Amino acid sequence: MGTKRKKSEATSTPSELSEEAPARPNRTLLGWKSPLEAVINKKEPSVFRNKEKVLVLCSRRIAYRKQKDLYLWMAKCPSGPSVKFLVNAVHTMEELKLTGNHLKGSRPILTFSSDFDLQPHWQLLKEIMTQIFCTPKDHRKTKPFFDHVFVFSIVDNHIWFRNYQVSVPHHGTEKIERGGLDKMTLIEVGPRFCLNPIKIFSASFTGQTLYENPLYVSPNQVRAAEKRKKAGKYANKIKAKQRRKMHELSNQLEPDEFADMWNE
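Residues numbered from 1 in each chain as written. Predicted model: local features only at pLDDT ≥ 70, side-chain atom pairs only at ≥ 80, totals over all residues. Heavy atoms only, no water.

## Some points on helix 6 (residues 120–133)
Spanning 14 residues, helix 6 covers 20 Å between terminal C-alpha atoms, matching the ideal 20 Å at 1.5 Å per step. Regarding helix 6, the residues found buried are His121, Trp122, Leu125, Ile128, Met129, Ile132 and Phe133. One side of helix 6 holds all its buried residues, which, seen down the axis, span an arc of 120°. (Helix = DSSP H or I, 4+ residues; strand = E, 2+ residues; numbered from the N terminus. Expected span 1.5 Å × (residues − 1). Buried < 20%, exposed > 50% of the residue type's maximum accessible area, 1.4 Å probe, protein only. Arc of directions from axis to C-beta.)

## Some remarks on unusual backbone geometry
A negative phi angle characterises most non-glycine residues, just as the trans form characterises most peptide bonds. In this model, Cys77 is joined to Pro78 through a cis peptide bond whose omega is 0°. Residue Pro191 is reached from Gly190 by a cis peptide bond, and omega for that bond is 0°. Relative to the elements of secondary structure, Pro191 occurs in the loop between strand 9 (185–188) and strand 10 (192–201). Despite not being glycine, Ala89 shows a phi value in the positive range, around 50°. Locating Ala89 in the fold gives a position in strand 5 (residues 82–91). A relative accessible area of 38% places Ala89 in the partly exposed class. The phi angle at Asn157 is positive, at roughly 60°, despite the residue not being glycine. Within the secondary structure, Asn157 is located in the loop between strand 7 (146–155) and strand 8 (158–167).

What follows is the structure, encoded as structure tokens:
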């Protein structure tokens, strides 16, 4: 028969129960955040902070969603500048189902339309996107060849993005001649999206406003205008009914002499 445990072994002492591991900080998608830091941040004004808003190993861009609208920040941390975009016309690769394809980790060729050299704010945006999307020299996690192209073009003061595969027809192990650009073709891979620049700031997520888009209209204003338009239709119906009643009261019909003919 098994021996019973002693009372001292079965129960732990009060000192052992009181010794608990310290609470671990909450882990979020933006990194680790301690409870003390959360209390301090509540007292500070609600502004962007580089250490909280920028992802690890991604110190030059950040995207966040506000209800139905998608905004994109591109920033050079921590000194700046930074740009805020409104993202429109997003079409994913799963949605498009295009035939193009390229290897993961390969280097892209960046191409910009000639409109980027016309005005200073477009030149600044070109430089920021070049630093973000261009692969650093001797990067360990990239392959040493180019097989796709990132295309940035300006149409209606919006930046349109396309991704194409560089396809060269060849057979088996046959080598491709250098400079044979006539044989190369571009096949779209996806995704597609449109960037509407809102403001350019001198610092990272803050600072002096270097440029503000005069043609930008907030999506909240667009939705409010649509609601007012729908509300206007209902108000017009109510006014039409009131006008009809006033017309009937001011133009009453004479009593019909044959109205009670069949009641007799």
